[in-house]
Every structure is written in structure tokens, then in C-alpha cells.
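Architecture at a glance
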Amino acid sequence: MTGLYIHVPFCAVKCPYCDFYSGPYRRETAQRYVEAVIRNLTAYRIGDTVDTVYFGGGTPSLLSTAQIGSILETAAPCLSGDAEITLECNPTGERGDYFRALRRIGVNRLSVGTQSFSDKLLRLIGRRHTAQQGIRCVEAAFAAGFENISCDLMLALPQQSSALLAETIGVLTHLPITHVSAYLLQVEEGTDLSQDAALLAQCPDEDTAAALYLQAVSALEAAGFAQYEVSSFARPGYESRHNLKYWHCEPYLGIGPGAHSCFAGRRFCVPRSLERFMAAPRQEEELLDSAPCDAQERLMLGLRLRYGVAEGALSDAAKRKLPPLLKAGYIERREDRIALTARGFAVSNAVIGMLLG
Ligand code: SF4
């Protein structure tokens, strides 16, 4: 089965830490963009095996439900009856009518960019919404019929203390949600944050960031959200089917400027230019890998999952590196499988690099 990712490259305001491809929203441009997405949906031979659609961005909730509906209508012949259809939205404004209309056109999962429930921290990282708006957004979505809602939670924010994180998780876990994506703030080159020495000086150091991450893991698990991937937590049965495709090396097609794909045996990305995307009859593709998903890549992606990988799939060299990682508690052995522990996930790049490098 295939995943379909639609990258919506518009944001009301650019957040200072954000490296995703997005620019200002303009009504006429958004309509031209939607037409280009529709053109691409018909230009690709997608088949009829799409079981997940993910509108990411950017801020997909800036599009009207008529625009999202026209994209879904075009994709309909490719979709399986039980497709998971996710839309990312930002928690600004009262949007009950919008959410009800989204349900009517078939969107059945929302990913809400709550990030934190501390107004102080939201302001510090340049978010335009308040904690109350985040709460009201989730409650309005639930009241509109969304029973599968994910919230984003950012960790290692400037001035984020253990007490502030505990407060935020307390609010988060009492909301009617099924999934949490918890990310450590990354300082990406070229962003406004990377130039802001005063704010960077207020970010936790690596050890504190790892402690905040471990605090989030145990608080979320205690509230019934099982960790199934480095950054992903879900109530039973609510793991993101779309995101699991990335880690299972299953095919997905990304449409839109900056979108990535692993489709038809190739890994490629679309140039980060809205104008070029809208002008082309079919989006340009920059080839990244003509033979993706080899054994090494499957291991690397599989180790991001709590389920881990079969020990037998590791090379002899990797097997020789296991004992110290097991002893230090970064990795655990479950029957014939090897998986990172929460402690290992806190430094996952280093552990996976050490094991497979
Ligand atoms: S973090 Fe989200 S809302 Fe902020 S600029 Fe990036 S994509 Fe837009």
C-alpha cells in the first residue's frame, strides 16, 4: 500500500525555528497551488493502493475545505475505503465549523500544532497562539467528530524547566487526544533562531534536554500513551499509519514543493520553489537514491521503532558492538529482537550511528 503526502507551503507567519518549506499565504496563490496539486495527482500513475493521505506543511489548515475537498476528490479513485486522512492544523481561532466540514469531506485525523501549554514558552519561540487557544482547538475538533487527534509537543525549549514541562503534559494528557508527537527543538542553520544568540543561550544543554525527553516519555507512558517511535506516542491502536510507512520503508508519494518521496523504486524530492511547482505540468524530481531501502537503511529506520529489528539482521560487526550498549541500558534484547530503550532514544542518532557505523 502507498502513502500520499501533500505539502502545503503556506504559513500565516514564519516561526523563527522552522526550516520547513513555507511562505506567506495569498488567496490567489493558494488556488493556483491547489490546481497544481490536482494536476500532479492525475499525472502520476498512483494506482488504487493509497491507504494514507497526509496534508503537512506549512499550515494545511489555511486552505479552505473546498480546496482540500477538491484534492481528495481527485485522489478518490486511488484511495482504499478505510484510508487514514490526516491534516495538520494550527490552533488559532475558533474553528468548529471548519472541523465539521473537514469531517464531512473525509478527513479523519487531525495533527494540532499545540507545541506547549505555557504562554511564556509559546511567546519565546514565536508561536502566535496561546495555551487556551490550543486547548479550545482540540476540544472543538473533538466536538466536531474527530476522535483521532494528535498534538505536537516541543521539548528543550528556551527556559523550559522540568516543572513547566510537567504542567504542559498535565494539560495535554487530559485532552481528548489519541497521539502525541514529541520533538526536541533543533537549531537549523539559516533560521532566525540560529542567529538569535540571546535566545540560544536560554536553551537547555544536551544533558538537560535528554532529561526533559525522558521525563516526557515516562509521563506520557504513565498517562497511557505508549512510545512506538523515537518521537511518537499513541493510545493503543492509534499509531500514525502514515508515519509508520516512513520507518517501515513502504512507498509514499510526496506532492508539493519540498516534498519527499520513496515511490516507484526511487527516492526523490521536489525543489523548494512554489513558483516552479506551480509552473510545471508535473513537479520536478531531484533524485536522491535510485535503489532505496537497502538492508542498512531498513535497519537504521527500524531502530527508530520501539519494536526494533531482528537481531539476526545485524551484521557481525554490529553484533560485536551490542554488549556495551546493552550493558549501558541504551539497547535491550527482547527474544530475537534488538530495540533502543527510552534512554537510547534520548541519544538515538549516536546509538544508531555507533551500532551501524
Ligand atoms: S513551525 Fe509550522 S506554523 Fe511555524 S512556520 Fe513552520 S510550518 Fe509554519
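The rules behind each value
- The numbering scheme is per chain: residues are counted from 1 as the chain's sequence reads.
- For a predicted model such as this one, the threshold for reporting local features is a pLDDT of at least 70, and the threshold for listing and counting side-chain atom pairs is 80 or more; totals across whole chains, interfaces and linings nevertheless cover every residue.
- Whether a residue is buried, exposed or partly exposed follows from its count of other C-beta atoms within 10 Å of its own C-beta, namely 20 or more, 12 or fewer, or something in between, respectively; the C-beta atoms are built from the backbone.
- The secondary structure listing takes helices from DSSP runs of H or I that are at least 4 residues long and strands from runs of E that are at least 2 residues long, numbered from the N terminus.
- Comment: arc refers to directions from the helix axis out to C-beta atoms.
- Residues are treated as contacting if the C-beta atoms built from their backbones sit within 7 Å of each other.
- Domain limits in this description derive from either an automatic procedure or a database domain assignment.
- When residues are sorted by character, Ala, Val, Leu, Ile, Met, Phe, Trp, Tyr, Cys and Pro go into the nonpolar class, Asp, Glu, Lys and Arg into the charged class, and all the rest, Gly among them, into the polar class.
- Strand pairing is defined by DSSP finding a minimum of two bridges between the two strands.
- Any residue qualifies as near a molecule or strand once its backbone-derived C-beta atom lies within 6 Å of it.

1. Some points on helix α6 (residues 162-172)
Buried within α6 are the following residues: L165, T168, I169 and L172. Burial along α6 is one-sided: seen end-on, the buried residues are contained in an arc of 95°. Every exposed residue of α6 that faces more than 90 degrees away from the buried side is listed here: A163, A166 and G170. Of the surrounding elements, those touching the buried residues of α6 are β7 (149-155), β8 (179-184) and α9 (206-222).

2. Describing the domain arrangement of the chain
Each assigned domain of the chain is listed with its residue range as follows: domain 1 (2-246) and domain 2 (295-356). For domain 1 and domain 2, the distance between their C-alpha centres works out to 28 Å. Domain 1 puts eight residues into the contact, and the matching count from domain 2 is nine residues. Of all the secondary-structure elements, those providing two or more residues to the side of domain 1 that touches domain 2 are α9 and β9 (226-229). Looking at the side of domain 1 that touches domain 2 element by element, the count peaks at four residues for α9. Here the side of domain 1 that touches domain 2 is built from residues that sort into six nonpolar, one polar and one charged.

3. A few points about the sheet that holds strand β17 (residues 337-340)
Read from one edge to the other, the open sheet built from three strands follows the order β15-β17-β16, with strand pairing classed as antiparallel. At either end of the open sheet lies a strand with only one pairing partner, and these are β15 (309-310) and β16 (331-334). Sheet analysis places β15 next to β17, joined by two bridges and oriented antiparallel. Each bridged residue has a counterpart across the sheet, and for A310 the counterpart in β17 is R337.

4. Quick look at the site of the ligand
Surrounding the ligand, one finds C11, K14, C15, C18, F20, S22, G57, G58, T59, N90 and G113. In terms of residue class, the shell around the ligand is built from four nonpolar, six polar and one charged.

5. Thoughts on the environment of I85
Its place among the elements puts I85 in strand β5 (residues 79-89). For the pair formed by I85 and L4, sequence separation is 81 residues and the distance between their alpha carbons is 9.4 Å. Residues contacting I85, with those up to four places away along its chain left out, are V53, G106, V107, N108 and R109.

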